[in-house]
Structures are given as structure tokens and as C-alpha cells.
Amino acid sequence: MNTLALVGAQWGDEGKGKIIDILAEKADMVVRAQGGNNAGHTVVTGGVTYKLHLVPSGILYPDTVCVIGNGTVVDPAVLLEELDDLSAKGIDCSRLKIDARAHVILPYHIVLDELSEDARGKADIGTTKKGIGPCYMDKAERIGIRMCDLIRPDVFREKLRRNVEIKNALITKMYGGTPVVYEEIAGKYAAYAERLAPYVCDTSVLVYEAILADKHVLFEGAQGALLDLDVGTYPYVTSSHPVSGGFCVGAGIGPTLIKDCLGIAKAYTTRVGKGPFPTELDNEIGERIRSVGAEYGATTGRPRRCGWLDAVILRFAVRVNGLTGIAMNKLDTLSGLDTVKICVAYNKNGVLIRDFPSDISELAECEPVYIELPGWQGDISGARSFDELPETARQYLRTVEKEIGCKIAMVGVGPDRDQNFDL
């Protein structure tokens, strides 16, 4: 079985796009199975930068089939804009397949996302306001509109009419907002449906048949393990399941069909939005990491909070995902520091904690327990093997492996796809 799942091992933004792009070169199929355009993968190749939000990164390879699975939520306007941009850069997008059961983001989802987040005031959770959460809410409430509905005009208009009535009542009566207009939405989405219809099919069959044929199938993760709706730092989480188990439900296959799982992590830790962050560096070192690492969101442009590597988080990711390896990105960002630190445990009121807390109230009471290692100087972006790294950088990687109980399989020392090597 030639299947590999890639997941974010921290709070997202770990550089999954580059790793996916590297591995997609050998993949017959790349599958996206959760989230929506709240995620962003930045891929740099041949001097061209591609910012992908819905389309799997495998689209950059001419023979790779790319799948948007049933567990995703799709904003048709965003998807078509992305496809148009890729086509303008000479990328053939005819290999994209969208599952008929994927739910559709509509304008009222975006309006409600903005209104509800604003209504929280200082208790906001840092949503991207792209309608992701409200769309998943409709899915759970069983009033969602799916791609199979969108491409059937009569079905779509009837479901849309009913939902607009419900949503406008919420928008106006609960939040005092401006109602959405049914006819405007119906007209725009009819045009979207006409363009997207050729891509829509039952992708779970395609994925299953590819696996049975021993094709190389790569499952592309979005966000990160700590943003999982169930096991993440709730409520500062996303609305879906970015852990490895999410691929099974979101792609419509059984768990025994995924052989390996690679976790993507940075050589330090970042997060966007609110919530406890034990190793956060609110000082000049944190600012230096942000500046050198260009830590700004691919989707929102928001500056990311930066801190030392947290091995407690990575042990959590190893456990909840069943990781068989780690790809460690941005080792080069730490170059030039006299010392580097790794958080190996938390101190909570004098008690040592090595497992990530399930309650963020407990997490907020935790202080990081660090080990300190000598840093490395000079530019390591040209390294193409473990042996070419400075001894202190090699020591750093081996220490991480020991602390998290998982092999580091790949190391990244720059943004280009050739600035990665296997260990």
C-alpha cells in the first residue's frame, strides 16, 4: 500500500505546502479532505510563488489527479479565482475532482461568521471570517447545501430559498445586520455551478480505486493538530478535523487504507489568533524569528506569534496522529542565535507535566520547562544533507527526536523545494 498522510504537527502554518509539493512529484493522486479556504499553502518553485487555499498542491504536476474530498467546505468564488490564477500561470486544472458531497460556503455563512465573531468582542476566537464555521454548522444541522445540490438548479434554488429565510432572520433579528438577497445569490451561484459541474463526482470511489491499484496517494493536510475541533485547544480551534483520522471521514475511506503519516513542524513554534501559548516569545528574539522566518499568514496576512520549539506539543501530535515521521521545516531561521531552547515539559504550580493538557484553562497555568543548547552561526540554507549541517544544528535535531519519540525524516533549510533533504 502506497499511501501517506501529511498533517500539521503544531498550530498550522508549519510549511506543509512545500513538503506536500516535494512529495507530490511522485504522487499519482493528492487528496484534500477537510477545512476550506481558511487554510493556505505557499509553494515556491522556479521563482514563481503559488498561494493555494483549496486546490491541492499536486496541481503543479501535470500527471497528478487532485481531489477535494467530501470533508471539505468549498467557496465557489474563491475556488474559481484560484483556478483562473493557476490557468493564467500555465497550470492545467482539468485534473481537479470535487466530491459531490462537499458542502458549499454561501454569502450568508460569511456574513454570520463576521457578525458572530464581532459580537464576541474581546472574547473573539480569531476566526478568519470566511464562513467556514457557519458552513460546518449547517452541515451538522443537516440543512447544508452540497456540491451535488449546487449543480442541480431546481434543487439548489429551493434549498437556497429556505436557508436564506432562516439566515436572514438570524442576521437581522439577532445581530441587527443587513439581510442577504436571494436572487443575487441564486444568479451568481448558477454561474459558479455551470463552471464547476465538470469537476464534480464521487471522489471516494476514485481514491479507493487508486489505492487498490497501488497508486501513490498523498493525503494533504490543512491547519494543524492543535486546531482539531475535538482534541485541539478548544475553543481556539478550526471547525473540522486536521488530525490523521480526519482523512478517513473526509476522503471517504477506511483507516486501514492509510499506511504512513508524516507530521510537519517548524524548528520553533508559531500560532495565529488567541489562546494559550506556553513558549511564546514576546521579546526581541520572538520578533527576530517572525522577521527572519517571514511569519505572516498566507491566507490572512496576520503576523504569527512566535516561540521556542515545544516538544510537549510534538509528543501530542505524535500520539493523536500516529505519526511515523516528522518533517522539520525552517531550521535556517534559528541560525545566528547564541543559544536555542526546547520546551520538554510544563511546570504547573510546581507539578511537572509532560503530556499536553486537554483543558486550555490548565494550559494557561503552565510554564515551559526548557533545555538549552548551543546555537549555530552562518548560513545553512545551502546544506543538502545532515552531515553538511553544523554539529550544534545536528545536536538540536537529535535532541528533538529523543524528546518526542519520533524520527525526523526530513529537514528544511529554506523556502524552495530543493532546500529540503532526507535524514
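What counts and what doesn't
- Residues numbered from 1 in each chain as written.
- Predicted model: local features only at pLDDT ≥ 70, side-chain atom pairs only at ≥ 80, totals over all residues.
- Heavy atoms only, no water.
- Pairing = 2+ DSSP bridges.
- Helix = DSSP H or I, 4+ residues; strand = E, 2+ residues; numbered from the N terminus.
- Contact = heavy atoms within 4.5 Å.
- Axes fitted to C-alpha atoms, helices over the stretch in contact; angles between N-to-C directions.
- Buried < 20%, exposed > 50% of the residue type's maximum accessible area, 1.4 Å probe, protein only.
- 1 Å grid on protein atoms, 1.4 Å probe; cavity = no way out; pocket = protein on both sides within 12 Å on 5 of 7 lines; lining within 4 Å.
- Points joined across faces, edges and corners; volume = space filled by probe spheres on them.
- Nonpolar A, V, L, I, M, F, W, Y, C, P; charged D, E, K, R; others polar.
- Expected span 1.5 Å × (residues − 1).
- Phe/Tyr/Trp six-rings, centres within 6.5 Å; stacked < 30°, edge-to-face > 60°.
- Lys NZ or Arg CZ within 6 Å of the ring centre and 35° of its normal.

## Details of the sheet that holds strand β7 (residues 96-99)
Judged by pairing direction, the sheet is mixed, and its 10 strands sit side by side in the order β9-β7-β5-β2-β10-β1-β11-β15-β19-β20 without closing on themselves. At either end of the open sheet lies a strand with only one pairing partner, and these are β9 (200-201) and β20 (420-422). Here strand β2 (residues 29-32) runs beside strand β5 (residues 65-68); their pairing, made up of 4 bridges, is parallel. Each bridged residue has a counterpart across the sheet, and for R32 the counterpart in β5 is I68. Of the strands in this sheet, β1 (3-8), β2, β5, β7, β9 and β10 (217-220) are in contact with helix α8 (residues 203-212), which crosses β7 at around 120°.

## Structural notes on unusual backbone geometry
Omega for the peptide link from Y234 to P235 comes to 10°, which places this bond in the cis form. Look at D13: it is not a glycine, yet its phi comes out positive at around 60°. Looking at where D13 falls in the secondary structure, it is placed in the loop between β1 and α1 (16-24). Judged by relative accessible area, which is 24%, D13 ranks as partly exposed.

## Description of the pairing of β2
Neither face of β2 is exposed, since M29 and V31 on one face and V30 and R32 on the opposite face are all buried. As defined by bridge partners, β2 adjoins β10 across 4 bridges and the pair is classed as parallel. If you follow V30 over to β10, its bridge partner there is L218.

## Notes on empty space enclosed by the protein
If a probe as big as a water molecule is rolled over the atoms, it shows which places are left empty. The final tally for this structure, using the stated rule, is 1 cavity of 30 Å³ or more. Lining the largest cavity are V231, G232, T233, F356, P357, S358, D359, I360 and L363. For the lining of the largest cavity, the residue count by class is 5 nonpolar, 3 polar and 1 charged.

## Details of the pairing of strand β3 (residues 41-45)
Alternating residues of β3 divide into H41, V43 and T45, all buried, and T42 and V44, none buried. Pairing analysis gives 5 bridges linking β3 to strand β4 (residues 48-52), with the strands arranged antiparallel. Considered in β4, the bridge of H41 is made with L52.

## Observations concerning helix α13 (residues 391-404)
With 14 residues, α13 ought to run about 20 Å at 1.5 Å a step, and its terminal C-alpha atoms sit 20 Å apart, in line with that. Of all the positions in α13, only A393, R394, Y396, L397, T399, V400, E401, E403 and I404 are classed as buried. Contacts made by the buried residues of α13 are with β14 (309-310), α11 (311-321), β15 (325-329), β16 (339-348), β18 (366-374) and β19 (408-412). Trailing α13 by a residue or two, G405 shows a phi angle of about 70°, which is positive.

## Examining the packing of aromatic side chains
Overall, the coordinates contain 7 aromatic pairs when judged by the stated rule. Through pairs of rings, three or more aromatic residues link up here, namely F156, Y189 and Y192. Positioned over the ring face of F386 is R394, at 5.9 Å from the centre of the ring. Across the ring face of F386, the terminal group of R398 is positioned such that the distance to the ring centre comes to 4.3 Å.

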